[in-house]
Amino acid sequence: MRPQNFAAEIVKKVHRISTFKDVIKVIKETFRNSAKPYVVSFINAHAFNILHTDESFYDAMATSDILIRDGKGMEILYKKMKEDPGMNGCGTDLIPVLLEEYKGSPLALFGTDSLTLEKAAAKLKSEAYNVVACANGFVEQEEYIRLAQETKPELILLGMGMPKQEILSLKLKKVLDFPCIIINGGAIIDHYGNKVKRAPAFIRSMGAEWLYRLIIEPRRLFQRYVVGNILFFKRIKHLHSG
């Protein structure tokens, strides 16, 4: 059951980074001493909204080993609280850096549709990544568990979107009996599979990639980025530092 101040608790838990190098160092050092799965999650305005409607998602975020700020909305929240928001930890930028640190280690890809997954796996293999297991984002949890137990990947990259991937990461953390890094990657597998295009660099630098995506896919993303942003700003109105 979520505590009464669950939103403030999660906001306080977020690891605000100064550079990608620093957060990679934190992940590597803490994972090195772990005998069990280690979960990397990201929080943006959309995730903040889901916290208010899905207790299983809250549980997954609250028990993630590291939670990283992603997006303009969360930056605005921390500035409102008169706290340093740190660097934007966009997963699509950070995850490739993390994977590079473990290049050659066994890697599992779980998520997206089968065709995109196949393209993403082929791209990563062509770049010398050791992909040992793949499953699309529409099978039962037990299948992901079975594949992970059979192949023992050191990294598991999830690309199913929120809240499904976070809920699966919590399940994997509870049942897997070997150390691995589980990364809640959102659209990252779609990017590797060339299904989703990044916004131009100058748009990303302004923190407006969400607007670019909304323009490209207005019907699918209207609820998340228009209605969702209105809800987000209503919900952060009374949050304060400390």
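Please read these numbers as outputs of a predicted model, since none were measured by experiment. (Residues numbered from 1 in each chain as written. Predicted model: local features only at pLDDT ≥ 70, side-chain atom pairs only at ≥ 80, totals over all residues. Heavy atoms only, no water.)

J.: Looking at this model, I keep getting lost on the packing of helix α1 (residues 6-13) against helix α4 (residues 55-62). Mind explaining?
T.: Helix-helix packing is characterised by the crossing angle of the two axes and by the distance between the axes. For the pair α1 and α4, interaxial distance at closest approach is 10 Å and the crossing angle is 30°. Considering the angle they form, α1 stands roughly parallel to α4. α1 and α4 meet at a crossing whose hand is left-handed. Contact with α1, carried on its side by Phe6, Glu9, Ile10 and Lys13, involves Tyr58, Met61 and Ala62 of α4 and no other residues of that element. Looking at the contact of α1 with α4 residue by residue, the classes come out as five nonpolar, no polar and two charged. (Axes fitted to C-alpha atoms, helices over the stretch in contact; angles between N-to-C directions. Helix = DSSP H or I, 4+ residues; strand = E, 2+ residues; numbered from the N terminus. Parallel < 35°, antiparallel > 145°, perpendicular 65-115°, else oblique. Left-handed = near helix turned anticlockwise from the far one by under 90°. Contact = heavy atoms within 4.5 Å. Nonpolar A, V, L, I, M, F, W, Y, C, P; charged D, E, K, R; others polar.)

J.: Would you take a moment to explain the side chain of Glu75 for this structure?
T.: With respect to the helices and strands, the residue Glu75 is situated in helix α5 (residues 72-80). Residues contacting Glu75, with those up to four places away along its chain left out, are Arg69 and Pro85.

J.: So what exactly am I meant to see when it comes to the nonpolar core here?
T.: Generally speaking, soluble globular proteins have nonpolar side chains that are buried together. Leu99, Leu107, Leu109, Leu157 and Ile183 are the most contacted members of the largest nonpolar core, which totals 31 residues. With five residues, the top contributor of residues to this core is helix α2 (residues 20-32). Of all hydrophobic cores here, the second largest spans 22 residues; its members include Phe6, Ile43, Ile50 and Phe57. (Core = buried A, V, L, I, M, F, W, Y, C linked by side-chain atoms within 4.5 Å. Buried < 20%, exposed > 50% of the residue type's maximum accessible area, 1.4 Å probe, protein only.)

J.: Which parts of the structure should I look at to understand the pairing of strand β5 (residues 155-159)?
T.: Walk down a regular strand and you will see the side chains alternate between the two sheet faces. Here β5 lies mainly inside the structure; five of its five residues are buried. Going residue by residue along β5, you find Leu155, Leu157 and Gly159 tucked away on one face and Ile156 and Leu158 tucked away on the opposite face as well. Two elements, strand β3 (residues 106-111) and β5, share five bridges in a ladder whose sense is parallel. Considered in β5, the bridge of Leu109 is made with Leu157. Where β5 lies against strand β6 (residues 181-184), four bridges are found, and the strand directions are parallel. Counterpart to Leu158 in the pairing with β6 is Asn184. (Pairing = 2+ DSSP bridges.)

J.: Help me out: how do you make sense of the packing of helix α8 (residues 141-151) against helix α9 (residues 164-175) in this one?
T.: Here α8 crosses α9 at 45°, and the two axes come no closer than 11 Å. One finds that α8 runs oblique with respect to α9. By crossing handedness, the relation of α8 to α9 is classed as right-handed. When α8 is examined against α9, the residues Gln141, Tyr144, Ile145 and Gln149 are found in contact with a partner set consisting of Ile167, Leu168, Lys171, Leu172 and Val175.

J.: Sorry if this is basic, but what is going on with empty space enclosed by the protein here?
T.: Any empty space left between atoms is shown by rolling a water-sized probe over those atoms. If you walk through the whole model with that rule in mind, you get one cavity of 30 Å³ or more. The volume enclosed by the largest cavity comes to roughly 40 Å³. If you trace the largest cavity, you find it lined by Leu99, Tyr102, Lys103, Gly104, Ser105, Leu107, Tyr129, Asn130 and Leu155. Classifying every residue of the lining of the largest cavity gives five nonpolar, three polar and one charged. (1 Å grid on protein atoms, 1.4 Å probe; cavity = no way out; pocket = protein on both sides within 12 Å on 5 of 7 lines; lining within 4 Å. Points joined across faces, edges and corners; volume = space filled by probe spheres on them.)

Functional significance is not addressed by these values, which are geometric in nature.
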